[in-house]
Amino acid sequence: QVQLVESGGGLVQAGGSLRLSCAASGNIFSIDTMAWYRQAPGKQRELVGSITSGGRTNYADSVKGRFTISRDNAKKTVYLQMNSLKPEDTAVYYCNAEIMRRYTATWGNYWGQGTQVTVSS
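About the criteria used
- Residues numbered from 1 in each chain as written.
- Predicted model: local features only at pLDDT ≥ 70, side-chain atom pairs only at ≥ 80, totals over all residues.
- Heavy atoms only, no water.
- Salt bridge = Lys/Arg side-chain N within 4 Å of Asp/Glu carboxyl O.
- Buried < 20%, exposed > 50% of the residue type's maximum accessible area, 1.4 Å probe, protein only.
- Core = buried A, V, L, I, M, F, W, Y, C linked by side-chain atoms within 4.5 Å.
- Helix = DSSP H or I, 4+ residues; strand = E, 2+ residues; numbered from the N terminus.
- Pairing = 2+ DSSP bridges.
- Disulfide = S-S within 2.5 Å.
- Phe/Tyr/Trp six-rings, centres within 6.5 Å; stacked < 30°, edge-to-face > 60°.
- Lys NZ or Arg CZ within 6 Å of the ring centre and 35° of its normal.

Side note on the pattern of salt bridges
A pair can form between side chains of opposite charge whenever their charged atoms are brought close. Using the criterion set out here, one finds four salt bridges in the structure. Where glutamate 46 meets arginine 38, a salt bridge forms, and the shortest distance between an N and an O atom there is 2.8 Å. With a relative accessible area of 35%, glutamate 46 lands in the partly exposed category. Taking relative accessible area as the criterion, arginine 38 reaches 5% and is therefore assigned buried.

Considering the nonpolar core
In terms of nonpolar packing, the biggest core is built from 29 residues, with Trp36, Leu80, Met82, Tyr93 and Ile99 touching the most fellow members. Of all the elements in the fold, those that place two or more residues in this core are strand E1 (2-7), strand E3 (18-26), strand E4 (28-39), strand E5 (46-51), strand E7 (67-72), strand E8 (77-82), strand E9 (91-101) and strand E11 (115-120). The element contributing the most residues to this core is E9, with five residues.

Things to note about the pairing of E5
Judged from the five bridges that link them, E4 and E5 form a sheet pairing that is antiparallel. Bridged to tryptophan 36 within E5 is glycine 49. Connecting E4 to the antiparallel partner E5 that follows it, the hairpin turn spans six residues, and glycine 42 within it adopts a positive phi of roughly 75°. In this structure, E5 lies alongside strand E6 (residues 57-59), joined through three bridges in antiparallel fashion. Residue pairing in the sheet places glycine 49 in a bridge with tyrosine 59 of E6. Turn length for the E5-E6 hairpin, with the two strands adjacent in sequence and antiparallel, is five residues, and the turn residue glycine 55 shows positive phi of about 100°.

As for the state of the cysteines
Enumeration over the complete set of coordinates arrives at one disulfide. Here cysteine 22 is linked by a disulfide to cysteine 95, with a sulfur-sulfur distance of 1.9 Å. Taking the torsion about the sulfur-sulfur bond, which here is approximately 40°, the covalent link between cysteine 22 and cysteine 95 counts as right-handed. With cysteine 22 in strand E3 and cysteine 95 in strand E9, the pair connects residues that are 73 residues apart, well separated along the chain. Using a relative accessible area of 0% as the deciding quantity, one classes cysteine 22 as buried. By relative accessible area, which is 0% here, cysteine 95 ends up buried.

Examining the packing of aromatic side chains
If you walk through the whole model with that rule in mind, you get one aromatic pair. Ring centres 4.9 Å apart and planes at 55° place the aromatic pair tyrosine 37 and tryptophan 111 in the tilted group. Of this pair, tyrosine 37 sits in strand E4 while tryptophan 111 sits in strand E10 (residues 107-111); the two residues are 74 residues apart in sequence, bridging distant segments of the chain. The ring of tyrosine 79 has arginine 19 lying over it, and the distance from NZ or CZ to the ring centre is 4.3 Å. The side chain of arginine 102 reaches across the aromatic face of tyrosine 103, ending 5.2 Å from its centre.

Here we look at the pairing of E4
Pairing of E4 with E9, which is carried by nine bridges, proceeds in the antiparallel orientation. What sits directly across from tryptophan 36, in E9, is cysteine 95.

Below, the structure written as structure tokens:
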């Protein structure tokens, strides 16, 4: 069993900051790329940013310079630091990870349940 659990969402004012966390647990041998996605009401889910096992990152143009993705491999956790938040950042944020399962040595793609981020104007 492998699962991802997000936390840290909430309501903030425009210009404020928020830090999201996503912890992986279960029968994990290793974790490759971890990523954050978001989905606003009536919109398609979009990639916010990703980070490889070695720490290489990439971001959507809409959040570049404002958001920072990082990871703690010992804690099997990925973070999303969100600064200078805008109302258009309002969405449900989901984490995603490519994980090699223990014993079976097989790769799987996993999603968290999501955490709500609301930015008021």
